[in-house]
Amino acid sequence: MLTSMLFLSLLVLSLAILGCLYRVLRGPSMADRITALDTIGINVIAVVAVLSMMLHTQAYLDIILLIGILAFLSTVAFARYIERGAVFKNEGDR
């Protein structure tokens, strides 16, 4: 029973990743794309956690922390990129 629930959760998470990938490719704005990338990172963390439960190991917990740190840093870097782009665009209007 637990194994089938874990497979079902992997299926739902993979569908969520595909939905976010669609938003990354077709997002109406850059902020939507960055939010979708952050959500993909969170879903990847969840996939690794489910795989860790399926394999009955704690070895993947370090990988989960690393993916979380990288997802946070990439979101901050993209936010800074958007902020600087808006600042440079406003300075050129003067």
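Thresholds applied
Residues numbered from 1 in each chain as written. Predicted model: local features only at pLDDT ≥ 70, side-chain atom pairs only at ≥ 80, totals over all residues. Heavy atoms only, no water. UniProt positions renumbered as here; feature names shortened; annotations may be inferred. Helix = DSSP H or I, 4+ residues; strand = E, 2+ residues; numbered from the N terminus. Polar contact = N/O pair within 3.5 Å; in protein donor to acceptor, adjacent residues only side chain to side chain. Contact = heavy atoms within 4.5 Å. Axes fitted to C-alpha atoms, helices over the stretch in contact; angles between N-to-C directions. Parallel < 35°, antiparallel > 145°, perpendicular 65-115°, else oblique. Left-handed = near helix turned anticlockwise from the far one by under 90°. Nonpolar A, V, L, I, M, F, W, Y, C, P; charged D, E, K, R; others polar. Expected span 1.5 Å × (residues − 1).

(A) Seen up close, the UniProt feature "transmembrane region" (unreviewed entry) in the protein chain. If you check UniProt for "transmembrane region" (unreviewed entry), the listed places come out as residues 6-25, 37-57 and 63-82 in our numbering. Summarising residues 6-25: 100% helix, 0% strand, and an end-to-end C-alpha distance of 29 Å. Here residues 63-82 is 100% helix and 0% strand, with 29 Å between the C-alpha atoms at its ends.

(B) Expanded view of the side chain of Ser 52. Relative to the helices and strands, Ser 52 is located in helix α2 (residues 30-54). Within the structure, the side chain of Ser 52 is placed 2.5 Å from the backbone oxygen of Thr 57, a separation counted as a polar contact. With residues up to four places along the chain from it excluded, the contact list for Ser 52 reads Thr 57, Gln 58 and Tyr 60.

(C) How the structure looks around the packing of helix α1 (residues 2-26) against α2. Where α1 contacts α2, the axes come no closer than 9 Å and their chain directions differ by 165 degrees. When the axis of α1 is compared with that of α2, the two are roughly antiparallel. For the element pair α1 and α2, the recorded crossing hand is left-handed. For the contact of α1 with α2, a count of residues per class yields 20 nonpolar, 3 polar and 4 charged.

(D) Structural context of unusual backbone geometry. Here the phi dihedral of His 56 falls at roughly 55 degrees; this positive angle occurs in a residue that is not glycine. For His 56, the location among the structural elements is in the loop between α2 and α3 (61-92).

(E) Representation of α2 within the structure. In this model α2 runs 36 Å from its N-terminal to its C-terminal C-alpha over 25 residues, within 8% of the 36 Å that 1.5 Å per residue would give. Looking one or two residues beyond α2, the residue adopting positive phi is His 56, at roughly 55 degrees.

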